[in-house]
Every structure is written in structure tokens, then in C-alpha cells.
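Listed here are the chains, written in short residue letters.
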Amino acid sequence: MMAAPRKKKWTAIVLTCTHMDASYAYQRELEIRQEKGYIDKDVILLTAEDPKSQVGSGGATLNALLMVSEYISAKQGFSVVNADVLQDAHIIIIHAGRKYPYDPCGRPFLTFPAKPKQPEYDCLVTHVDILIELLTEKIAVNSPPGVWVCSTEMLITLTDNTVIEWEPCDVYALTIPEDKEKCRSHSIYKLDDEGFVEDILYKASMDSINECVLPSGKVPVLCGIVYLGVAVCQQLLSFHVKPPLDACTYMGVDNGSPPLQLSFFFDVMLPMASGVNEEAFVSGDRSGVFGMSGSTQYESSGELKTDRAIMKTARQLIWKNLSDLKIRPCIVEGSYHYLGSRGSDHHEYQLNCPLQTMKDLNLVFKNKTHSYIDPSCNVCDSCVVVNSVLTGGVVTMENTAISHSCIEGEVTLGKDSLYTGVKLDNSKSLHPVRFANSVVVQGFYIHLKTLGTSQHVLTVHGRFDNLHASVYEDPGTFCNEPWEDFLLRTGIVKEDLWDTKNPKEQTLATAKLFPVFHATENVGLKECLWLQGEAGATLRRWRSSWRISLHDIMSYGDIVEEFESRRRLFYEVSKREIENTLIYGLDNGFCCVYNSARVEGASADILETLDKVALSSESPGVVARVLANIADVLGSMAGHKGGLRSGPACNLSWAKPFVGLEKGELKDGIRRLAKVRRDWLGRPDLLIRAARHYEGAAQILIRQAVMTGRQFFHVTKTDIPPVNKWVTVECPARIDLAGGWSDTPPICYEHGGAVTNMALLIDGKRPIGAKVRRIPEPVLILVIRGEGSDFTTVTVRHLSDLKDYNQPHAQGALLKAAFICANIIQYPCPYSLDEQLRKKYDGGFELESWSHLPRGSGLGTSSILAGAIMCALLRASGQTTDIDGLNHAVLHLEQMLTTGGGWQDQIGGLVPGVKIGISEGKLPVKIKTKIIKVSPATIKALNERMVLVFTGRPRLARNLLQDVVRNWYSRTPEIVETEDGLVHVAWESAKALEDGDIEKVGNLLDKYWALKRRMAVGSEPVACTRMMTAIRPYAHGMVLAGAGGGGFLFIMMKNPNNPKDKVREILATVEGGENAVVYDACIDENGMTVVVEE
């Protein structure tokens, strides 16, 4: 998630946790990240469950180090744990730590309002993701083999472009200088005169803090990130066979040793501090929890009573093995933010995430991240919403943070509040719900072992409440209300809340406030509203409910269900966004969602949603996009194993749904597609083939969408030329100057297009044409002239001879389709060809077509030829249309032919001079043409400087077209931005031509070509690159014509004196240039000609 030139290659990443359920859930989350590519494929991923509760961060580290060393040893073929495997290992050990009251999935998976830039997979950004990336791409880049131990109890930020210069050391402790006042509540390092760590202090007095001040005036705070060299790790690994330290590991516990609690910083690292002596450490005066006296702290907590003698023996062993080592501080600029138990802190981190100050993170921070907010809702701009669904009129007041919640109906969320995991449906209630200001409302899944089920529990407390302070401490509050006032208002007595008589144990965290079950009624929401201050007679029901405390909730937490709930919500948001985007034609893409769905097993739900959207629409344009998205889902499900996405799509199994779609039976066709699809999901190759057929189905509907432009093709009757009198049409070629690809369906009707181009005479002639005459015999004679004197004749005698009109590679397909498009022949029809021709024309037609341009020229030959054929056929059959009608007729004809393609080619060749074509982003497709007013002087200057070179490589537009359409339907931000750029450059070019700014016209050619390359990767062959590079110093700009990939190269030279000779001279020196041919080209100001033989 961060862009950096170098990355650390890790051997293993280990995440410690306290319970087995968390271990399974965390392992899956790490593996999902690895499959998505956020962690390298060859990294070993382990979750290390603490062998017993309360082994502490030090014990968890020793256990994790043993587990990963054992795993690597086994992988390398050893039968016992071998410390030598650490010699070249790069390992991260991340501690999940204690339960976090504001995220039931724990601090490692705390989510932030951010998304990766340009992701291949969609995901929520969590603390562990950012921590791993900081280590991989900043902190540990230059570190030698060893182990990085990391806490997740704090957020850290580093200044941009932070580089850590590595110095040899036993232990490296990352530290960030902070203000003295902030350090009063945290651990800090004291450094000695040599720059090593002298002491580690927790919640030190101000006098002690002053002794730790750096020359900058700040104090080095303990950040929870430490590097341990290989020698240190080998010493720590040896503890698993040294009683009583073995009790920190699963091996010791399995051997029957009582568990031992160690702090990583105050039991493992402290003896390495130069200012700590053996007596103080071993006695426990400087050890134990948080650097305080160990025995009293352990025993008073009631969590674990450890025998003082055993602890003393353990510390003696630690001192003996580690006291000769030194800790080198790694001081970096940044900030430190502790993830404690105060709701106000968590609220601040959500609203103003400190991580967004790191500009070189490859993340985009947005207040509304991966959430669906219905238009009926009113959500303040200052609110943060992450992975949530808000519908049905939800109102949020300012500065409220919402995550992993689904809230429906008339619900008002008060200001300055936190909502996490809330599932609330008030859509059917007649009574609006209003939450108070400055509250923390959370939903937790708890596992009830006796019932074998999970239950969702709703809790509430105040943002400023202290969870762990005694209710008698001043100012103790609940829901920001003094406890005394709360008890008085509700009628609750302390015996309702606490079983203990010890006042110090009577805290908000231990108060049994939150109902789980009631014998006869549903409980949860009403009680929370009542607890926060809403009036109502709820005490009796509350008191008769089975209630638990926040402490109980965190102890019973069902972390597996929490992750699954978030995942369900994540894809619910995705499905709603997909549906909304496709129905309303928004520019959002979902390939990263589809890739993630494959990894997380949600593809079936996505396909069901897409089927639902397709069935709900009557628009062929909308349904085409849906089918293309289904193809993307299927392609994603295949991974990279099923073959290429492009390929044939005519398997007979898909014939019935295709026929239904061709007939306009949308809903039946969609259902049939889904039915066939079910049999093609079993293997990657079948998935890819199914994807191809869905793209084929989408093409059917794209054609139908484009054919809506037929309504702008109007004909009028005119006199029919006599038999055997030729109607001859000749057309110029066209060169696109800017905007190409924006005219291509479906882009032209979803985004809108604009293309600037001009008609060209090649070697002084119009190179494309057709001629038609009526003949006495009731047949169709089709003559297709190729290069030179080659020609092919096809005679159509029967209506069945026209059946391959929609197969582009069939002989005479274009000419056959033109007869049908011009309404000269009805196909299919109950009347024979002979009957139709005799009745309407008293004979048949002879049609001849030609192009004197090389095949694959990129100069719009096929579309211009279609225009010439249509114009000649119409005139020969006694019909006529205007240029706009003819442009729409060609668009329709090419859809009949199934070649697709846009509208710019026919505009370029049928309309004279220089012009810009435009289509709006809507159906029906309507093309408008505007002639650009270019002065004679500018025409002359353009003609003098333009050079047209055939590169010797015919281009293959169809393959490029498939890729472009697929990329457009994927709707990545890059392709939308590129389409915007293409349209903008078209208008810029039109303005430059009107202004007579030849240099700018040339410069825009370069800009246009860069955009075309982004649209169609691979559109610039190596030979063309060589030619363009050689010519570039002498040109204002240049572009490969049409789709690129070969064909003609159009150059706007700087010097008007003999530019063609200069280009020939340059090409003679270029590898591959020997096959290039330079043509004479100039602007055709008259355009298409139509001549009827006298």
C-alpha cells in the first residue's frame, strides 16, 4: 500500500493472539491478504496462540519465536528445532495484545477510512496492513537478518521519505521524539552518553522525564517496534529448553510447567539497558508489569499469581543471557498515538486519522470509504463512514464516526459519537430513533457455549467515560452522566450491576448493564436508548433480562463471526454499489471487487446480484454492461489459469440464449445464460470460455443499443437510374487528429465522444469507392476488388445466399449486409430473392467496391467503404439521404455485420475537409458533425507539413477493440480519465485548427497518441517506435492512424520544405524502415463524389 523503490523480503510473519478462535480467524485474514498480493506469496504466515492466558508480551514473543523456528526447521528438513535457521531469516512478530474495547476484531484489524490506490483487489485498510507495509518499505528495508517485534497498541507515523541508515547492533529500538507532557502517560527511553538505551521508564515523573530529554527538547517515546539480531534471537530461542522460562512456550506448558508471565520490554529488554543493575532487575524492583515491582502487581491484579521464587530464578536466567547486550535507539521523526481504552481517543483517530499525514503511503483517505449511503440519508461531511450501509432516512450529526454498521429507517445519530458493528432496522417502525450526543454505541457478537450459538449484543456508553475507573472516583460517569445521577434517573441500584462488594472492582467495564435475553420480549435497542437518557418505563424489563458487562462481552466475543459479519457487510456494500452504478450508468469499476470476491468466496453472490440487475432493465445498453461485468466475474474466478480472455464465443450450448437476445427477448435470454453458466463453473478453462460467451452476449446488446441510431437514418424517394447505368461514389480516406476511441460503442453512448479528423486525398485521389448498376437478371452480382488487379465475384441467386451477411470474414459479407440495410432486400422474408427483385426493381443489381489503400491502413477504409456502398446502393435503388443519415446508416450497417466499430471513420471520409464529430453519452446514439472553419492559409500550411507513411505493418483493430471495450467496462479510474482526456484533446485540436496554430496541432497529436496508447496497450509495435523516435526531432507531433498497432503513421513536420524527402531519408536509417512507404497526402475540401452515368 506504499510506493517505494525497495522492499524487504520476509521469511515469515507471525501474529500472536490470546485465544484459539482468534488464532484461526487471524490466520485466515493473513492468508487472504497473501492471496490478494499484499503479502508476498512465499512468506510463511503463522498465528501463534499464547500457550496459556497472561503469559505477557515477553512470553508471547518467546512462544512465537519457537513456533516459527520450529516451522522453518521442519521445512528445511531438520527433525529438531535448529537455531541456525535464523541465520538468514527475516521475521516479523506482531502482538495482537489485549482486547480492544472499540474493535472486537482486535487492534491489528482496526479499520481506517482509507483505500489503496489503483488496487487489483478491493479491501478494507487495517492497522496490521499499514504496520507490515511500514516495516517492509521503510523501517526494515536495510536491516540484516533477524526478528522485528511489533506491538499493535499504538499508531505511528513517519515523515515522508524516511530512510533508516543501518548500524550494526544487537537490538534496535525504534523511537519517536515526543513532547514531555505527552510522555507522562507512556513508556520512554533514557539514553546514556554513548547513545545506547540506559533505562526504560513507564509513566515516569516529570523529574525523570527531564533526565531523558534529547537536545531537540523532546523525549524518545517507546513505539513498540524493536529489531532483534540473529544472536539475540538464538539466545531467546534457547529459553524454551531452560526452566522456568520454558513455561512461556507451548512446549513448556505441554511438559506440565506452570505458565510464566513476562513483559517484553520490562523483563526481556530491560536487562540490556546500560543503567539497570542485576540486583534491581532480579529482585523485581525494575521488572514486572510496566516496569513496576513484579510480585505485588501480579498478585494484586488477581489475574495470575506467580511464585516470587520462580520469577526470581527466571530473571536471573534472563540477566545471565541478555545483560551483556546493548540496545541502540533508532530515532525517527514522526508521531505516536496510543490505542487505549478512552472512547474520545478512538473517536479522534477515526475522524482525523493520523496516518493520513504520511503522503507517501499508497492510500487514499476519504471520510466515506466503502460504504453505501442511500440518497434519502443526510450524512454530514464531517462524519466518517467505513464499511457501512445507511438507508431509509438515516441522519447523522456532525463529527460522528460509523464503521461496520447497517442502519436503516428514521434514525438520528447524535454528534461527536462512535458507532461500530451496529445492526439496526427501524424502517418498519412508526417511531423515530434518536441517539444522544457524544456516545459510543457498539454491536458485539458473543458466543454462548451453553446454547451453541452466537448472539448480537448492543452496548452504549459515553465518549468521555472511563471504562476502568471505579464508579466512586471523581468524575465517574456513564453516558457522560455522573453515576449518581444515572442511578437516580433510572432507578437502578448497584446490586443490579455488580456482584462484588469491592468498590475498586465496580467499574463501567464490569457493570452488568447490557441485556442479552428476556423471557418474553426482544431486548437491546430500547434498553440502550433508555440507558443513554431516553425516557420510558424500561427498568422492570431491563432488570428481568439476562445482562452482561463490557468485560463479559469482550471475554465471550465471537471473533470468527465478527470477521464474517464484516465480510458480509463488505460485499453487501459492493453489491449495492454495483447495482446503483449499473442502473444509473455511473463511472465506477468493480474488477478489484470481483478479484476479492474470488479470494473470499463471494463470487456467487456477486453473480446473483448482476443477474438481478440485468433482469430489472429494459435497456440493451445497461444489460450489455451487466453481461460484460458477469464476464469479468467469471474471468476473475478463473484466476490466471484458464487461458486468454479473447477467443471464440459460438459454442452450441450458448446458442439458445444468444438467439433470444438477438430477438430482443432480454429477460428470457438472461435467464438462459445463467442456466448454461451453472454448468461452466467447474474449471478455470470453462470459466474463461463462459466469460467469452458473456462478452459475446454483451456484443449482441451493444449492437442493439447502437442500432437505436437507425431512427436518424431517413430516406426520400428519387428517380431510379436506368438499367446498366452506373452510380459511382468515390471517397477520401480520413486521418484522426484527436479523440479516437471516444466514438467507439459502448463508450460513445455511455461516456460521450468527440473526434477531430480530416478527409485526405492520397496521391491526389480518393482511394475508396463503390459503383452500382441495375441489371436485367434478378440476382446480385458482387465484385470485391483488392490490391492491384485482384478481384472476387460473388453471385447471390437465392435468399439463403445472404445468410452469412453477419459473418465479417465471409466473401461479400459487407456488400450483402448493405443490400439489407438499404432495405433493397428483406431478409429473412417469405418472398424469394427473385420475387423481391422483380417486384421492386424489375431485375437485379451489380455492385463493385474497391480500396486502393493497403490492408489494415488505419485510415478508416472499411467504414468509409460501407458509406460509399450505401450511398451508391441508395441512389441506384431510387433513394437518397443526407450526410447525417448516411453516417447513421453506416453505424447501423457495421452492427449488422457484427464488426462493431465507432462513427468517426465515416464522418472523416464522407464529410469534406476538417471537422469534429460529437455524440452524447446517452441512447439513442446520435452523431452530430461540425465543420471546423479553417482558413485557406492554414489548409496550405497543413498540406505542406503533413507526411503519411505506411509503416509496413497492417494493424489488427478487432483485437485492440475487444481489449478497449473490456477495459472500458471495467471502468478503472485510469480509463475514465483517459476518455475524458480524449474528448478534451479533440476540442483542443479543433480550436488550434481554427486558430491556425500548426505547432499546437502537432503537439496535440503527441498528446493524443499517448492517450491512445493508454487505451490500447500494445498499440505501438517496436518497429513503429523506432521510426517515431527517429523522426521526432523534426516533427511537431505524430500519431499512428486509427486504433494503432501498425498501419499508417501521420506526421506533422516542423519544416515545410520537402518534408516527405526528409522522412524518407530518416526511414532509410531505421531498422524496419525499409518496408515503410511515404505517400502524398492533402486535405480533401470537397469530399465524397457521386456520379450517375448519363
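Residues numbered from 1 in each chain as written. Predicted model: local features only at pLDDT ≥ 70, side-chain atom pairs only at ≥ 80, totals over all residues. Heavy atoms only, no water.

A. Looking closely at the overall build of the protein chain. Each helix and strand in the protein chain was counted, giving 35 helices and 50 strands. The principal-axis extents of the C-alpha atoms in the protein chain amount to approximately 120 × 75 × 60 Å. For the protein chain, the residues scored as buried account for 59% of the 1094 residues in total. Within the protein chain, residue pairs in contact and separated by at least 24 positions form 69% of the contacts whose partners lie at least 6 positions apart. Summed over all atoms, the accessible surface of the protein chain reaches about 44,200 Å², with 50% contributed by carbon and sulfur. In the protein chain, 116 side chains carry a positive charge and 130 a negative one; their mean positions are 6 Å apart. (Helix = DSSP H or I, 4+ residues; strand = E, 2+ residues; numbered from the N terminus. Buried < 20%, exposed > 50% of the residue type's maximum accessible area, 1.4 Å probe, protein only. Contact = heavy atoms within 4.5 Å. Areas by Shrake-Rupley, 256 points an atom, 1.4 Å probe, with all protein chains shown as cover. Lys, Arg positive; Asp, Glu negative; His and termini not counted. Charge placed at Lys NZ, Arg CZ, Asp CG, Glu CD.)

B. Expanded view of the sheet that holds strand β21 (residues 395-396). Reading across the sheet, the four strands line up as β18-β21-β24-β27 and stay open at both edges, with parallel pairing between neighbours. Bordering the open sheet on either side are β18 (378-379) and β27 (433-434), each of which pairs with just one other strand. Here strand β24 (residues 411-413) pairs with β27 via two bridges, running parallel. Bridging from a neighbouring strand, Thr412 pairs with Arg434 of β27. (Pairing = 2+ DSSP bridges.)

C. Structural detail: the pattern of salt bridges. Summed over all chains, the structure comprises 64 salt bridges. Put simply, Asp122 and Lys115 hold a salt bridge, and the shortest N to O gap is 3.4 Å. When the shortest N-O distance is used, the salt bridge between Arg785 and Glu848 registers 2.4 Å. Pair noted here: Arg785 is in strand β39 (residues 780-785) and Glu848 is in strand β41 (residues 844-851), with a separation of 63 residues, a long-range link. One continuous salt-bridge network, built from bridges that share partners, spans Arg28, Glu29, Arg33, Lys36, Asp129, Glu564, Arg567 and Glu600. (Salt bridge = Lys/Arg side-chain N within 4 Å of Asp/Glu carboxyl O.)

D. Highlighting the packing of helix α19 (residues 603-616) against helix α20 (residues 620-637). In the contact formed by α19 and α20, the axes pass within 9 Å of each other and the chain directions differ by 170 degrees. Taken together, α19 and α20 sit at an angle that is classed as roughly antiparallel. Handedness of the crossing formed by α19 with α20: left-handed. Taken together, the residues of α20 that come into contact with α19 (itself represented by Ser603, Ile606, Leu607, Leu610, Asp611, Val613 and Ala614) are Val623, Val626, Asn629, Ile630, Val633, Leu634 and Met637. Class assignment for the residues of the contact of α19 with α20 results in 11 nonpolar, two polar and one charged. (Axes fitted to C-alpha atoms, helices over the stretch in contact; angles between N-to-C directions. Parallel < 35°, antiparallel > 145°, perpendicular 65-115°, else oblique. Left-handed = near helix turned anticlockwise from the far one by under 90°. Nonpolar A, V, L, I, M, F, W, Y, C, P; charged D, E, K, R; others polar.)

E. Seen up close, the nonpolar core. Judged by nonpolar contacts, the single largest core of 181 residues is most densely connected at Leu627, Leu780, Ile1031, Phe1050 and Ile1051. Here this core gets 13 residues from one element, more than from any other, and that element is helix α23 (residues 684-706). Among the nonpolar cores identified, the runner-up in size contains 109 residues, and Leu45, Ala140, Ile156 and Val379 belong to it. (Core = buried A, V, L, I, M, F, W, Y, C linked by side-chain atoms within 4.5 Å.)

F. Structural view of helix α3 (residues 127-139). For α3, with 13 residues, the first-to-last C-alpha span of 16 Å runs short of the 18 Å given by 1.5 Å per residue. Most of α3 is tucked away, with 13 of its 13 residues classed as buried. (Expected span 1.5 Å × (residues − 1).)

G. Layout of unusual backbone geometry. For the peptide bond that leads from Pro243 to Pro244, omega is 0 degrees, which places it in the cis range. The residue Pro244 is located in the loop between α5 (230-238) and α6 (250-254) in this model. Positioned with a positive phi, Asn161 is a non-glycine residue whose angle comes to about 65 degrees. Take Asn161: it is sitting in the loop between β8 (154-158) and β9 (171-178). Overall, Asn161 belongs to the exposed group, its relative accessible area being 63%.

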